[in-house]
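The chain contents come next:
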Amino acid sequence: MLTKSRMKECGHCFYNYKEEELFINSSETKGVYPNIIEKIVEQLDTCLAIHKRVLVVRFDLSLNEYSGDNHTISTFINRQKQRMFKTYGVKNIGHAWKRERETSKAQHYHVALFIDGNKIQYPSKLLRQIKAKWFKHGRCWIPDECFYYLEFSFSNFKQTRGEAIYRLSYLGKTRGTGYKDIQAKNYSVSRLSR
(Lines give C-alpha, C1' and ligand atoms only; values in the text may rest on other atoms or scores of the structure.)
Protein backbone atom coordinates (compact mmCIF):
# COMPACT_ATOMS: atom_id res chain seq x y z
CA MET A 1 0.00 0.00 0.00
CA LEU A 2 1.38 3.43 -0.94
CA THR A 3 0.96 6.40 1.40
CA LYS A 4 1.37 10.15 0.90
CA SER A 5 3.34 12.17 3.47
CA ARG A 6 1.55 14.28 6.11
CA MET A 7 4.56 16.35 7.19
CA LYS A 8 4.31 20.15 7.56
CA GLU A 9 5.25 22.04 4.37
CA CYS A 10 6.93 25.40 3.69
CA GLY A 11 6.68 27.42 0.46
CA HIS A 12 9.10 30.31 1.05
CA CYS A 13 12.68 30.83 -0.15
CA PHE A 14 13.82 31.82 3.35
CA TYR A 15 13.45 29.69 6.45
CA ASN A 16 14.33 30.75 9.99
CA TYR A 17 16.23 28.08 11.89
CA LYS A 18 17.75 28.81 15.30
CA GLU A 19 17.59 32.56 14.65
CA GLU A 20 19.42 32.17 11.33
CA GLU A 21 17.72 33.08 8.05
CA LEU A 22 18.48 30.22 5.64
CA PHE A 23 18.12 30.71 1.89
CA ILE A 24 16.54 27.47 0.68
CA ASN A 25 15.45 25.92 -2.61
CA SER A 26 11.73 26.56 -2.17
CA SER A 27 8.90 28.71 -3.53
CA GLU A 28 5.10 28.87 -3.48
CA THR A 29 4.99 26.26 -6.26
CA LYS A 30 7.97 24.15 -5.04
CA GLY A 31 7.48 23.46 -1.34
CA VAL A 32 9.80 21.77 1.13
CA TYR A 33 9.50 19.96 4.44
CA PRO A 34 11.26 22.18 7.02
CA ASN A 35 11.86 19.35 9.51
CA ILE A 36 14.06 17.56 6.94
CA ILE A 37 16.07 20.74 6.31
CA GLU A 38 16.47 21.36 10.05
CA LYS A 39 17.86 17.87 10.63
CA ILE A 40 20.25 18.16 7.70
CA VAL A 41 21.58 21.56 8.85
CA GLU A 42 21.90 20.22 12.41
CA GLN A 43 24.05 17.31 11.20
CA LEU A 44 26.13 19.56 8.94
CA ASP A 45 26.83 21.90 11.87
CA THR A 46 27.56 18.95 14.16
CA CYS A 47 30.13 17.64 11.66
CA LEU A 48 31.68 21.12 11.47
CA ALA A 49 31.92 21.21 15.27
CA ILE A 50 33.58 17.77 15.34
CA HIS A 51 35.98 18.15 12.40
CA LYS A 52 36.35 21.95 11.81
CA ARG A 53 36.69 21.11 8.08
CA VAL A 54 33.92 19.25 6.26
CA LEU A 55 33.58 17.97 2.73
CA VAL A 56 29.91 17.91 1.68
CA VAL A 57 29.28 15.52 -1.22
CA ARG A 58 25.95 15.31 -3.11
CA PHE A 59 24.84 12.56 -5.51
CA ASP A 60 21.70 10.69 -6.57
CA LEU A 61 21.05 6.96 -6.65
CA SER A 62 18.25 5.24 -8.56
CA LEU A 63 17.13 1.64 -8.24
CA ASN A 64 16.50 -0.71 -11.14
CA GLU A 65 13.38 -2.08 -9.43
CA TYR A 66 10.88 -0.73 -6.91
CA SER A 67 11.49 -1.66 -3.30
CA GLY A 68 8.87 -1.28 -0.58
CA ASP A 69 11.54 -0.53 2.02
CA ASN A 70 14.86 1.33 2.20
CA HIS A 71 17.05 -1.63 3.10
CA THR A 72 19.25 -1.26 -0.02
CA ILE A 73 20.12 2.41 0.58
CA SER A 74 20.59 1.97 4.34
CA THR A 75 22.93 -0.98 3.88
CA PHE A 76 24.80 0.81 1.09
CA ILE A 77 25.41 3.96 3.17
CA ASN A 78 26.58 1.91 6.18
CA ARG A 79 28.99 -0.12 4.04
CA GLN A 80 30.26 3.04 2.34
CA LYS A 81 31.04 4.52 5.76
CA GLN A 82 32.92 1.34 6.69
CA ARG A 83 34.93 1.55 3.45
CA MET A 84 35.81 5.19 4.13
CA PHE A 85 36.99 4.26 7.61
CA LYS A 86 39.19 1.44 6.26
CA THR A 87 40.53 3.45 3.30
CA TYR A 88 40.91 6.94 4.79
CA GLY A 89 40.53 6.49 8.55
CA VAL A 90 37.41 8.69 8.47
CA LYS A 91 35.15 8.60 11.53
CA ASN A 92 31.95 10.47 12.42
CA ILE A 93 30.56 10.63 8.88
CA GLY A 94 27.25 12.42 8.61
CA HIS A 95 24.67 11.56 5.99
CA ALA A 96 21.25 12.46 4.69
CA TRP A 97 19.15 10.72 2.08
CA LYS A 98 15.68 11.36 0.73
CA ARG A 99 13.47 8.81 -0.98
CA GLU A 100 11.44 9.99 -3.98
CA ARG A 101 9.26 8.43 -6.60
CA GLU A 102 7.57 10.40 -9.36
CA THR A 103 6.88 9.03 -12.83
CA SER A 104 9.22 6.01 -12.82
CA LYS A 105 8.25 2.64 -11.39
CA ALA A 106 11.20 2.53 -8.96
CA GLN A 107 12.21 5.09 -6.35
CA HIS A 108 15.41 7.12 -6.36
CA TYR A 109 17.40 8.73 -3.57
CA HIS A 110 19.05 12.12 -3.18
CA VAL A 111 22.09 11.62 -0.95
CA ALA A 112 24.56 13.84 0.92
CA LEU A 113 27.61 12.83 2.93
CA PHE A 114 29.38 15.08 5.48
CA ILE A 115 32.99 13.89 5.68
CA ASP A 116 36.01 14.94 7.76
CA GLY A 117 37.73 17.48 5.49
CA ASN A 118 41.08 16.79 7.16
CA LYS A 119 40.99 13.28 5.65
CA ILE A 120 39.35 13.92 2.25
CA GLN A 121 39.51 17.28 0.48
CA TYR A 122 38.30 16.27 -2.98
CA PRO A 123 35.68 13.57 -3.73
CA SER A 124 36.62 12.21 -7.19
CA LYS A 125 38.07 8.87 -5.98
CA LEU A 126 35.24 8.45 -3.47
CA LEU A 127 32.58 9.12 -6.12
CA ARG A 128 34.14 6.63 -8.53
CA GLN A 129 33.98 4.03 -5.75
CA ILE A 130 30.35 4.88 -4.94
CA LYS A 131 29.41 4.63 -8.63
CA ALA A 132 31.13 1.24 -9.00
CA LYS A 133 29.55 -0.20 -5.83
CA TRP A 134 26.02 1.05 -6.64
CA PHE A 135 26.11 -0.23 -10.24
CA LYS A 136 24.46 -3.57 -9.37
CA HIS A 137 21.46 -1.74 -7.81
CA GLY A 138 20.91 0.95 -10.44
CA ARG A 139 22.31 4.24 -11.64
CA CYS A 140 24.44 6.81 -9.80
CA TRP A 141 24.14 10.40 -11.00
CA ILE A 142 26.64 13.03 -9.88
CA PRO A 143 25.38 16.61 -10.38
CA ASP A 144 27.49 19.59 -11.36
CA GLU A 145 29.00 21.27 -8.31
CA CYS A 146 28.57 18.05 -6.36
CA PHE A 147 30.72 19.06 -3.40
CA TYR A 148 31.51 21.90 -0.99
CA TYR A 149 34.60 22.21 1.19
CA LEU A 150 33.80 24.06 4.41
CA GLU A 151 36.40 25.36 6.85
CA PHE A 152 35.76 27.87 9.63
CA SER A 153 38.98 29.79 8.94
CA PHE A 154 38.17 30.45 5.26
CA SER A 155 37.03 34.01 4.58
CA ASN A 156 34.17 32.69 2.41
CA PHE A 157 32.99 30.13 5.02
CA LYS A 158 29.59 31.75 5.61
CA GLN A 159 28.90 32.10 1.87
CA THR A 160 30.02 28.53 1.07
CA ARG A 161 28.00 27.11 3.96
CA GLY A 162 24.96 29.04 2.66
CA GLU A 163 25.47 27.65 -0.85
CA ALA A 164 25.79 24.12 0.55
CA ILE A 165 22.60 24.52 2.61
CA TYR A 166 20.74 25.80 -0.45
CA ARG A 167 21.81 22.69 -2.42
CA LEU A 168 21.03 20.38 0.50
CA SER A 169 17.57 21.92 0.95
CA TYR A 170 16.61 20.17 -2.29
CA LEU A 171 16.44 16.98 -0.21
CA GLY A 172 13.50 18.54 1.61
CA LYS A 173 11.32 19.08 -1.47
CA THR A 174 7.74 17.88 -1.27
CA ARG A 175 7.37 16.75 -4.90
CA GLY A 176 7.84 13.00 -5.25
CA THR A 177 7.84 12.43 -1.49
CA GLY A 178 5.64 10.04 0.44
CA TYR A 179 4.86 7.52 -2.28
CA LYS A 180 6.07 4.48 -0.40
CA ASP A 181 4.97 1.43 1.50
CA ILE A 182 3.88 2.06 5.08
CA GLN A 183 7.07 0.67 6.67
CA ALA A 184 9.45 2.77 4.52
CA LYS A 185 10.80 6.14 5.68
CA ASN A 186 10.75 9.23 3.48
CA TYR A 187 14.25 10.20 4.56
CA SER A 188 17.12 9.40 6.90
CA VAL A 189 19.64 11.67 8.59
CA SER A 190 22.62 10.58 10.69
CA ARG A 191 22.49 11.11 14.45
CA LEU A 192 25.93 12.43 15.26
CA SER A 193 26.27 14.51 18.41
CA ARG A 194 28.91 17.03 19.46
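Before reading on, note that the structure itself is shown above.
Residues numbered from 1 in each chain as written. Predicted model: local features only at pLDDT ≥ 70, side-chain atom pairs only at ≥ 80, totals over all residues. Heavy atoms only, no water.

In this structure, what is going on with the overall build of the protein chain? I would like to understand it.
Regarding its fold elements, the protein chain presents four helices and ten strands. In sequence order, the protein chain lays out its α and β elements as β-β-β-α-β-α-β-β-α-β-β-α-β-β. Expressed as a percentage of its 194 residues, the buried residues of the protein chain come to 52%. Look at the contacts in the protein chain between residues 6 or more apart in sequence, and 76% of them connect residues 24 or more apart. (Helix = DSSP H or I, 4+ residues; strand = E, 2+ residues; numbered from the N terminus. Buried < 20%, exposed > 50% of the residue type's maximum accessible area, 1.4 Å probe, protein only. Contact = heavy atoms within 4.5 Å.)

What exactly am I supposed to notice about the packing of aromatic side chains here?
Geometrically, a pair of aromatic rings is defined through the distance of the ring centres and the angle of the planes. One pass over the structure, following the stated rule, counts five aromatic pairs. Consider the rings of phenylalanine 76 and tryptophan 134, whose centres lie 5.0 Å apart with planes at 80°: the pair is edge-to-face. Of this pair, phenylalanine 76 sits in helix H2 (residues 71–88) while tryptophan 134 sits in helix H3 (residues 124–134), and the two are 58 residues apart along the sequence. For phenylalanine 76, a relative accessible area of 5% puts it in the buried group. Measuring from centroid to centroid gives 5.0 Å for tyrosine 122 and phenylalanine 147, while their planes differ by 80°, and the two rings are edge-to-face. Of this pair, tyrosine 122 sits in the loop between strand S6 (108–116) and H3 while phenylalanine 147 sits in strand S8 (residues 147–151), and the two are 25 residues apart along the sequence. Residue phenylalanine 147 is classed as partly exposed on the basis of its relative accessible area, which comes to 26%. (Phe/Tyr/Trp six-rings, centres within 6.5 Å; stacked < 30°, edge-to-face > 60°.)

Explanation requested: the nonpolar core in the structure shown.
Side chains of nonpolar character tend, in soluble globular proteins, to be buried together. Counting residues in each nonpolar core, the largest one holds 27 residues, and the members touching the most others are Ile40, Leu44, Val54, Val56, Phe114 and Leu168. Counting only elements with at least two residues in this core, the list comes to helix H1 (34–51), strand S4 (53–63), S6, S8, helix H4 (157–168) and strand S10 (187–189). The element that contributes the greatest number of residues to this core is H1, accounting for seven residues. Sequence-distant contacts of valine 54, defined by excluding residues within four places in its chain, comprise Leu44, Cys47, Leu48, Phe114, Ile115, Gly117, Tyr148, Tyr149 and Leu150. If you look at the next biggest cluster of nonpolar residues, it comprises 25 residues, including Leu63, Ile77, Met84 and Leu113. (Core = buried A, V, L, I, M, F, W, Y, C linked by side-chain atoms within 4.5 Å.)

I would appreciate a short explanation of the pattern of salt bridges in the present structure.
Proximity of charged atoms lets side chains of opposite charge pair with each other. In total, this model carries five salt bridges according to the counting rule given. Note that arginine 161 is salt-bridged to aspartate 45, the shortest N-O span being 3.0 Å. Of the two residues, arginine 161 is situated in helix H4 and aspartate 45 in helix H1; the sequence distance between them amounts to 116 residues. Pair check on accessibility: arginine 161 and aspartate 45 agree, each one buried. Between glutamate 151 and arginine 53 there is a salt bridge whose closest N-O contact spans 3.0 Å. Taken together, the residues span a long stretch of sequence, with glutamate 151 in strand S8 and arginine 53 in strand S4 at a distance of 98 residues. (Salt bridge = Lys/Arg side-chain N within 4 Å of Asp/Glu carboxyl O.)

Looking at this model, I keep getting lost on the pairing of S6. Mind explaining?
In regular strands, side chains alternate between the two faces of the sheet. Counting buried residues in S6 gives eight out of nine residues, a clear majority hidden from the surface. Two elements, S4 and S6, share nine bridges in a ladder whose sense is antiparallel. Among the inter-strand pairings, valine 54 is bridged to a residue of S6, identified as aspartate 116. Where strand S5 (residues 94–100) meets S6, seven bridges bridge the pair, whose relative direction is antiparallel. (Pairing = 2+ DSSP bridges.)

Teacher, can you tell me more about the packing of H2 against H3 here?
What describes two packed helices is the angle between their axes and the distance between those same axes. As a packed pair, H2 and H3 sit with axes 11 Å apart at the nearest point and diverge in direction by 140°. On the basis of their axis angle, the class for H2 and H3 is oblique. In terms of crossing hand, the pair formed by H2 and H3 is right-handed. Contact with H2, carried on its side by Thr72, Ile73, Phe76, Gln80, Arg83, Met84, Thr87 and Tyr88, involves Lys125, Leu126, Gln129, Ile130, Lys133 and Trp134 of H3 and no other residues of that element. Broken down by class, the residue content of the contact of H2 with H3 amounts to seven nonpolar, four polar and three charged. (Axes fitted to C-alpha atoms, helices over the stretch in contact; angles between N-to-C directions. Parallel < 35°, antiparallel > 145°, perpendicular 65-115°, else oblique. Left-handed = near helix turned anticlockwise from the far one by under 90°. Nonpolar A, V, L, I, M, F, W, Y, C, P; charged D, E, K, R; others polar.)

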